[in-house]
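A closer look at the structure
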Amino acid sequence: MTGSVSRRAFLGLAAGAFATLAAGGLSACGAAGSGSTLINVSYDPTREFYEAYNRLFTAWWGQGHGQQGVEVIQSHGGSGKQALEVANGLNADVVTLALAPDIDSLANEGLIASDWQSRLPNESSPYTSTIVFVVRRGNPLGIRDWADLAADGVGVIAPNPKTSGGARWNYLAAWAWAERQFPNEGQVKDYMRKLYGNVLVLDSGARASTTTFVENGQGDVLVSWENEAYLSVRDNPDGFEIVTPPVSILAQPPVSVVDESVDAHGTREVATAYLEHLYSTEAQRLCGENFYRPVDEDVLAEFSGTFPSLELATIDDFGGWAQAKRDHFDEGGTFDEINGG
């Protein structure tokens with residue numbers, strides 16, 4: 001359902017930020033004008049999940065709050081870009097982003113409490129994912145592992161780690177595999193240089209990369225969020241298939257209320273409930289149905305036939321996000337180095 005921003009939200013949005021909100025796919029769920037309005041600023045591939053979750057949450061909230069309904073408006077884009085828009089004035093009540101550093105950047109701006117990651121279970125990550133490959137039906141190039149992505153003549157589609165949270169998970173998954181294969185960092189960098197030398201298009205976000213591969217027909221392989229890969233195959237069963245490499249990374253997309261906004265709007269109670277309810281059994285099942293890995297172990301077990309087992313590196317293997325960001329993604333880091341930046 002397409003909606004318009006409420007007058008309260010509109011007045012709080014900078015003109016440029018509102019343009020981004022609209023361009024990023026503005027949608028709303030709930031009864032406008034009957035209670036609270038929440039704006040959820042999220043990253044690219046969560047559109048379908050949060051459209052379903054918003055219906056679940058608004059129905060649940062209405063059962064306990066009578067006429068005090070809630071309308072949820074969502075915005076999507078590359079995770080880093082979305083965080084920047086919030087910092088620049090996009091009036092989010094909650095952020096549901098791809099990376100902890102994107103939320104940390106808002107805490108550094110004073111918009112979110114510094115202890116945000118301890119306020120919800122599992123370091124405020126209500127679901128996890130990993131990185132897999134999407135190839136064209138029949139896998140004509142026989143792509144099976146990360147080594148194949150650096151082979152001559154392979155066209156890779158992947159988003160840009162400078163703007164996309166998913167792209168940073170992609171990069172770190174490839175690096176984690178390479179560290180297991182090569183004895184020194186120079187060889188790891190050589191591999192990464194070949195891999196990114198094969199990337200035909202560095203889109204700004206994960207969903208844009210899916211569009212480039214699936215709809216525009218470019219490339220031989222898409223490096224993708226697992227949930228995004230499943231959606232591509234579900235919607236195009238005769239066109240694509242998933243290849244799960246034996247080594248990838250545990251991706252933990254985090255969530256937080258935006259403290260400054262919810263206190264200004266009087267929406268802290270409903271915004272907090274919106275995020276807490278993500279951990280409910282019914283919402284965890286919805287995660288699995290939308291191809292995110294539930295953090296509830298019992299619910300995850302219900303989807304054992306969906307999610308294959310694989311060796312998962314973690315962000316701790318890179319010294320945590322602060323160090324990983326400095327080493328790989330800040331100006332002059334290894335991503336710039338391998339791309340000639």
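Description of the structure in this document.

Brief notes about the overall build of the protein chain
Within the protein chain, the secondary structure is distributed over 16 helices and 14 strands. For the protein chain, the proportion of contacts with a sequence separation of at least 24, taken over those separated by at least 6, is 76%. Carbon and sulfur atoms form 47% of the exposed surface of the protein chain, whose accessible area is close to 13,600 Å².

Comments concerning a negative patch on the surface
Together, Glu123, Glu179, Asp316 and Asp317 make up a negatively charged patch on the protein surface. For Glu123, the location among the structural elements is in helix H6 (residues 121-124). Take Glu123: its relative accessible area is 47%, and that puts it in the partly exposed class.

Re helix H5 (residues 100-108)
Looking at H5, one finds that the buried residues are Ala100, Pro101, Asp102, Ile103, Leu106 and Ala107. The inward-facing, buried residues of H5 abut helix H4 (79-87), strand E4 (94-96), strand E12 (255-257) and helix H15 (321-329). Once H5 finishes, Gly110 follows within two positions and takes phi at roughly 85°, a positive value.

Looking at the pattern of salt bridges
Scanning all chains against the criterion turns up 16 salt bridges. Among the salt bridges present, the one from Asp44 reaches Arg47, with a minimum N-O distance of 3.1 Å. Of the charged contacts, one joins Arg180 and Glu311 as a salt bridge, the two residues approaching to 2.8 Å between their closest N and O atoms. Of this pair, Arg180 sits in helix H7 (residues 165-181) while Glu311 sits in strand E14 (residues 311-313), placing them 131 residues apart in sequence. Residue Glu311 is classed as partly exposed on the basis of its relative accessible area, which comes to 40%. The network of salt bridges with common partners includes Arg119, Asp259, Asp263 and Arg268.

Focus: the sheet that holds strand E8 (residues 199-203)
Spatially, the five strands line up as an open sheet ordered E8-E7-E9-E6-E10, and their pairing is mixed. Each end of this open sheet is capped by a strand with a single partner; those strands are E8 and strand E10 (240-243). Direction aside, neighbouring strands of the sheet carry axes that sit 30° apart on average. With five bridges connecting them, strand E6 (residues 131-136) and strand E9 (residues 221-225) associate as antiparallel partners. Across the sheet, residue Phe133 finds its bridge partner in E9, namely Val223.

Considerations on the side chain of Asn227
Relative to the helices and strands, Asn227 is located in helix H10 (residues 226-235). With relative accessibility at 0%, the residue Asn227 sits in the buried group. Looking at Asn227, its side chain comes within polar contact range of the side chain of Tyr292, at 3.0 Å. Other than its neighbours up to four places away in sequence, Asn227 contacts Pro45, Ser129, Asn290, Phe291 and Tyr292.

Quick word on the packing of H7 against H15
A packed helix pair is summarised by two numbers, namely the angle formed by the two axes and the spacing between the axes. Where H7 meets H15, the closest approach of the two axes is 12 Å, and the angle between their N-to-C directions is 85°. Classed by the angle they form, the pair H7 and H15 counts as roughly perpendicular. Along the contact surface, H7 presents Arg168, Trp169, Tyr171, Leu172 and Trp175, while H15 presents Trp321, Lys325, His328 and Phe329. Along the lines of polarity and charge, the residues of the contact of H7 with H15 split into six nonpolar, one polar and two charged.

Considering the packing of aromatic side chains
By the definition in use, this model includes 28 aromatic pairs. With a centroid separation of 6.2 Å and 80° between ring planes, the pair formed by Tyr50 and Tyr53 is classed as edge-to-face. Of this pair, Tyr50 and Tyr53 both sit in helix H3 (residues 47-65), three residues apart, which is roughly one turn of the helix. Taking 6.0 Å as the distance between ring centres and 20° as the angle between the ring planes, the aromatic pair formed by Tyr171 and Trp175 counts as stacked. With Tyr171 and Trp175 both in helix H7, this residue pair falls four residues apart, about one helical turn. The rings of Phe49, Tyr50, Tyr53, Phe57, Trp60, Trp61, Tyr127, Tyr274 and Tyr292 are connected pair by pair, giving a single aromatic cluster. Arg136 extends its terminal NZ or CZ atom over the ring of Phe213, reaching a point 4.0 Å from the ring centre.

Criteria and cut-off values
Residues numbered from 1 in each chain as written. Predicted model: local features only at pLDDT ≥ 70, side-chain atom pairs only at ≥ 80, totals over all residues. Heavy atoms only, no water. Helix = DSSP H or I, 4+ residues; strand = E, 2+ residues; numbered from the N terminus. Contact = heavy atoms within 4.5 Å. Areas by Shrake-Rupley, 256 points an atom, 1.4 Å probe, with all protein chains shown as cover. Patch = residues over 30% accessible without salt bridge, like charges linked within 9 Å, V, L, I, M, F, W, Y side chains within 5 Å. Salt bridge = Lys/Arg side-chain N within 4 Å of Asp/Glu carboxyl O. Lys, Arg positive; Asp, Glu negative; His and termini not counted. Charge placed at Lys NZ, Arg CZ, Asp CG, Glu CD. Buried < 20%, exposed > 50% of the residue type's maximum accessible area, 1.4 Å probe, protein only. Pairing = 2+ DSSP bridges. Axes fitted to C-alpha atoms, helices over the stretch in contact; angles between N-to-C directions. Polar contact = N/O pair within 3.5 Å; in protein donor to acceptor, adjacent residues only side chain to side chain. Parallel < 35°, antiparallel > 145°, perpendicular 65-115°, else oblique. Nonpolar A, V, L, I, M, F, W, Y, C, P; charged D, E, K, R; others polar. Phe/Tyr/Trp six-rings, centres within 6.5 Å; stacked < 30°, edge-to-face > 60°. Lys NZ or Arg CZ within 6 Å of the ring centre and 35° of its normal.

By themselves, these are just geometric observations and shouldn't be taken as functional.
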